[in-house]
Amino acid sequence: MDGESLQELNGPEDVLQPLLSASNSSSIKESLEILIKASRTTDGRAELAFRNILPTVLNLVEFIHHTSNREYLMQSLKLLRNLCAGEVANQNAILEQNGIDILLTVLRSAAVFPNPDFGVIRTCLQVLANVSLAGEKHQQAIWLKLFPNEFFVLARVRSRETNDPLCMILYTFCDGRPGLAAELCGDSGLPIVAGIIQTVVSVGFGEDWFKLLLSRLCLEDIHFPPLFSKLCEGSAFENSGNTDSGNDLFSLEQAFLLRIISEILNERIEEIRVPSEFAIYVLGIFKRSVRIVNFVTRGASGLPTGSTSVDVMGYSLIILRDICAREVVGDLKKDSLDIVDMLVSNELIDILLDLLCDLEPPAIIRKTLKESKNQGLNTSSSRLCPYKGIRRDIVAVIGNCAYRRKHVQDEIRQKNGILLLLQQCVTDDDNPYLREWGIWCLRNLLEGNAVNQQAVADLELQGSVDMPELARLGLRVEIDQSTSCAKLVNVPGSYPKADE
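The model shown is predicted, which means the values in this text are computed figures rather than measured ones.

1. Some details on the packing of helix H18 (residues 308–326) against helix H22 (residues 390–402)
Stage number 1. At a minimum axis distance of 8 Å, the contact between H18 and H22 shows a crossing angle of 25 degrees. Between H18 and H22, the angle falls in the class roughly parallel. In the packing of H18 onto H22, the handedness of the crossing is left-handed. Contacts between H18 and H22 involve Met313, Leu317, Ile318, Leu320, Arg321, Cys324 and Ala325 on the former and, on the latter, Ile390, Asp393, Ile394, Ala396, Val397, Asn400 and Cys401.

2. Here we look at the nonpolar core
Stage number 1. Grouped together as the largest cluster of nonpolar side chains are 139 residues, with contacts concentrated most on Phe151, Leu184, Phe224 and Ile261.
Stage number 2. Sequence-distant contacts of Leu184, defined by excluding residues within four places in its chain, comprise Trp143, Phe147, Leu170, Cys174, Gly189, Leu190, Ile192, Val193, Leu213 and Leu217.

3. Describing the confidence of the model for the protein chain
Stage number 1. Averaged over every residue, the pLDDT of the protein chain is 86; residues scoring 70 or more account for 81%.
Stage number 2. This stretch, residues 236–247, has a pLDDT under 50; its non-local contacts, to residues over four places away or in other chains, come to 13 contacts.
Stage number 3. Note that residues 495–500 has pLDDT below 50 and, in this model, 11 contacts with residues that lie over four places away or in other chains.

4. So, the packing of aromatic side chains
Stage number 1. A full pass over the atoms with the stated rule returns 13 aromatic pairs.
Stage number 2. Geometrically, the ring pair formed by Phe151 and Phe173 is edge-to-face, given 6.5 Å between the ring centres and 65 degrees between the ring planes. Separated by 22 residues along the polypeptide, Phe151 in helix H10 (residues 149–155) and Phe173 in helix H11 (residues 160–174) bring together distant segments of the chain. Each member of the pair, Phe151 as well as Phe173, is classed as buried.
Stage number 3. When the ring of Tyr403 is compared with that of Trp440, the centres are 5.7 Å apart and the planes differ by 20 degrees; the resulting orientation is stacked.

5. Digging into the packing of helix H5 (residues 70–83) against helix H8 (residues 118–132)
Stage number 1. At a closest axis distance of 9 Å, the pairing of H5 and H8 adopts a crossing angle of 20 degrees. Of the possible angle classes, the one that applies to H5 and H8 is roughly parallel. For the pair H5 and H8, the crossing hand works out as left-handed. Contact with H5, carried on its side by Arg70, Leu73, Met74, Leu77, Lys78, Leu80 and Arg81, involves Gly119, Val120, Thr123, Cys124, Gln126, Val127 and Asn130 of H8 and no other residues of that element.
Stage number 2. Residue classes in the contact of H5 with H8 are distributed as seven nonpolar, four polar and three charged.

6. With respect to helix H6 (residues 88–96)
Stage number 1. The complete set of buried residues in H6 reads Asn90, Gln91, Ala93 and Ile94. One face of H6 carries all of its buried residues, which in axial projection span an arc of 155 degrees.

7. With respect to the environment of Ile418
Stage number 1. Of note, Ile418 is situated in helix H24 (residues 418–422).
Stage number 2. On the accessibility criterion, Ile418 (6% relative accessible area) is buried.
Stage number 3. Linking Ile418 and Gln453, residues 35 residues apart in sequence, is a C-alpha distance of 9.9 Å.
Stage number 4. Residue contacts for Ile418: discarding those within four places in its chain leaves Ile412, Arg413, Asn452, Ala455 and Val456.

8. Describing the environment of Ala38
Stage number 1. Turning to its location among the elements, Ala38 is positioned in helix H2 (residues 28–38).
Stage number 2. A relative accessible area of 29% places Ala38 in the partly exposed class.
Stage number 3. As a C-alpha pair, Ala38 and Leu83 span 45 residues in sequence and 9.4 Å in three-dimensional space.
Stage number 4. Look past the residues within four positions of Ala38 in its chain and what remains in contact with it is Gly44 and Arg45.

9. A short note on the pattern of salt bridges
Pairs can form between side chains of opposite charge whenever their charged atoms are close.
Stage number 1. Within this structure, the stated rule accounts for 27 salt bridges.
Stage number 2. Arg392 is paired through a salt bridge with Asp393; the nearest N and O atoms lie 3.1 Å apart. For the pair Arg392 and Asp393, a shared accessibility class is recorded, and that class is buried.

10. Overview of the side chain of Ser39
Stage number 1. Among the structural elements, Ser39 can be located in the loop between H2 and helix H3 (42–50).
Stage number 2. The class of Ser39 is buried, set by a relative accessible area of 0%.
Stage number 3. Only 2.9 Å separates the side chain of Ser39 from the backbone oxygen of Ile36, close enough to count as a polar contact.
Stage number 4. Residue contacts for Ser39: discarding those within four places in its chain leaves Arg45, Leu48, Leu79, Asn82 and Leu83.

What counts and what doesn't
Residues numbered from 1 in each chain as written. Predicted model: local features only at pLDDT ≥ 70, side-chain atom pairs only at ≥ 80, totals over all residues. Heavy atoms only, no water. Axes fitted to C-alpha atoms, helices over the stretch in contact; angles between N-to-C directions. Helix = DSSP H or I, 4+ residues; strand = E, 2+ residues; numbered from the N terminus. Parallel < 35°, antiparallel > 145°, perpendicular 65-115°, else oblique. Left-handed = near helix turned anticlockwise from the far one by under 90°. Contact = heavy atoms within 4.5 Å. Core = buried A, V, L, I, M, F, W, Y, C linked by side-chain atoms within 4.5 Å. Buried < 20%, exposed > 50% of the residue type's maximum accessible area, 1.4 Å probe, protein only. pLDDT = per-residue confidence, 0-100. Phe/Tyr/Trp six-rings, centres within 6.5 Å; stacked < 30°, edge-to-face > 60°. Nonpolar A, V, L, I, M, F, W, Y, C, P; charged D, E, K, R; others polar. Arc of directions from axis to C-beta. Salt bridge = Lys/Arg side-chain N within 4 Å of Asp/Glu carboxyl O. Polar contact = N/O pair within 3.5 Å; in protein donor to acceptor, adjacent residues only side chain to side chain.

Put into structure tokens, the structure is as follows:
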């Protein structure tokens, strides 16, 4: 068809002539190429808006769609996309000329399963995304036409090239408009977001719109709990044959959602302060996962492990770590809510200390205890680390909670956690950076707490457990050989500093 004019395709004159005149060409192929190039610039779009070319392009899209000529349809849609990129006159013309309905007709034809046309879908969505940037009126017009049914169908198209612009549209709608975000996470909208997540699990994502959408819904708003619950429905569960476990099982999509949320929170830790409802809900997920994971197999890798329940436990723990790192006491206003205190009051420290106690000690501690025949520490636990890094992550959460919170420091001491945490100041191949996090945790336990400092000095040890990492804090444990009592002393010329 190269070189054919629209007249040779039996196109109507009122569609044909304005395009050929505007491009000063004699064929539809050449005309579209010229206009697409011109519409890439601000001046080009303004000139074409002055010529009122957009209604003609819409008519062309509608005509070519009926002829089933994909090549020209794609070119026409690209021209339409360019025309609507930041040009208000063209964005308004889409509404005035029934453009949303025309695009919706094309989308419905392109999204037919089992062979959807990814290119046509993507370009149509890009047109709508550009139109939506014009403001609330344009967003509302698109929303009324596509929500929820059309968005749901599009979310089920397993392609990253269609999923990315879909996420862009939904993020644009929800950003700054809590009402639409609530609708999207209501009964009618949740299947759309769940479908988007399932698509990303299947094919991945190429642009940041997916993360921005989840951040807006889950971290900057309160919609994480219903979305997490929705991802249970209709999913293939781990150990699905175990009918006794019932609702204690997690889905692959739930583990993936936690993974993405943990990445977002870590990337934006300085700017996002999560809702308290989110923090408490994640703690509940962590509690459930600890009950499910069997801890009988030592993990061969870090996260993700391939085990849904282990991944849920690990990513929820990492999220808790970053929540507690964000909640610095000095940054809290007098009347604001301390999320760390809420987590601690909901047994966070209890759960973490119990889990850490039940895990077998790091390899270097086991070896030292075996050589010294030291019976003072528990090494009989059958719980193995289900992923590389779990011990480090537990210690990190505890250390972040203890930062300048005397009541947390005291609680850890009262629960006999100091000696347990001293064991973590070692190098461990299965837990990268365990020693660094252990030293950080120990520093936070001792800072400004004379009772905790004395507790370390008063440790009664059978034999000697060498802990040179205390020197990093400017401290040293000396053992009285006659009493086997430990005392904490300053290393000459070295003093602990608050910012180390």
